[in-house]
Amino acid sequence: GKYELEGRAKTGLEAWLGMQWGVYCLDETGRLTRQLVRTDPFTGTTRWREFRHEFGVPAGCPAQLLRLELASPKQGAAGPADVAIRLKGKLWFDDIRIRIVDGRGGRR
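Summarised in this report is the structure supplied together with it. These numbers were taken from a predicted model, which means no experiment stands behind them. Along each chain, residue indices are assigned from 1 in the same order as the chain's sequence is written. pLDDT decides what is reported in this predicted model: residues at 70 or higher carry local features, side-chain atom pairs at 80 or more are listed and counted, and totals for whole chains, interfaces and linings draw on all residues regardless. Side-chain descriptors were evaluated using all non-hydrogen atoms of the structure, hydrogens and water having been removed beforehand.

So, the pairing of strand E3 (residues 32-38)
Which entries qualify depends on this criterion: At least two DSSP bridges between two strands are required for those strands to pair. Going along the chain from the N terminus, every DSSP run of H or I of four or more residues is numbered as a helix, and every run of E of two or more is numbered as a strand.
In terms of strand pairing, strand E2 (residues 19-26) meets E3 through 5 bridges, oriented antiparallel. Following the sheet pairing, Val-23 is matched in E3 by Val-37. From the end of E2 to the start of E3, which pair antiparallel, there are 5 residues, and Gly-30 there has a positive phi angle of about 90°.

This is the structure:
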């Protein structure tokens, strides 16, 4: 089905890469098999802002994992990169949710 990851964020973060939310497909053993969606990186200093990203969950993806992670420096990367980096600051999140998007563009 089609889904939407949405929420609000405020940043006060000093970091080269920043942080991002990623949604992953897990197989029957609980291993990550692929990334379904990721947000734009959260970095710098911002006021509250909304984010929204649509994604699909394919057949054969029995479970999904939502996690906050270091933003990947690779465009189109399948998952987070192995990078050593310093982070300093704070991130605030509110109203984070994953909703079903119906075929007419509505949300439930």
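Additional details are given in the paragraphs that follow.
Let's talk about the pattern of salt bridges
So the rule is basically this: The term salt bridge refers to a pairing of a side-chain nitrogen on Lys or Arg with a carboxyl oxygen on Asp or Glu at a separation within 4 Å. When accessible area is computed with a 1.4 Å probe and restricted to protein chains, residues below 20% of their type maximum are described as buried, those above 50% as exposed, and intermediate ones as partly exposed.
One pass over the full model with this rule turns up 8 salt bridges. Its salt-bridge partner being Arg-52, residue Glu-6 comes within 3.1 Å of it at the nearest N-O pair. Of the two residues, Glu-6 is situated in strand E1 (residues 2-14) and Arg-52 in strand E5 (residues 49-56); the sequence distance between them amounts to 46 residues. For Arg-52, a relative accessible area of 43% puts it in the partly exposed group.

What to know about the nonpolar core
Note the following rule: Joining through side-chain atoms within 4.5 Å is the link that ties buried Ala, Val, Leu, Ile, Met, Phe, Trp, Tyr and Cys residues into a set, and such a set is a nonpolar core. Here a residue-residue contact requires only that any non-hydrogen atoms of the pair lie within 4.5 Å.
Judged by nonpolar contacts, Leu-5, Ala-9, Trp-21, Val-23, Cys-25, Leu-36, Val-37, Phe-42, Phe-51, Phe-55, Val-57 and Cys-61 together constitute the single largest core of 12 residues. Breaking this core down by element, the ones donating at least two residues are E1, E2, E3 and E5. Residues contacting Val-37, with those up to four places away along its chain left out, are Leu-5, Trp-21, Gly-22, Val-23, His-53, Glu-54 and Phe-55. With 6 residues, the next largest nonpolar core counts Ala-15, Leu-17, Met-19 and Ala-71 among its residues.

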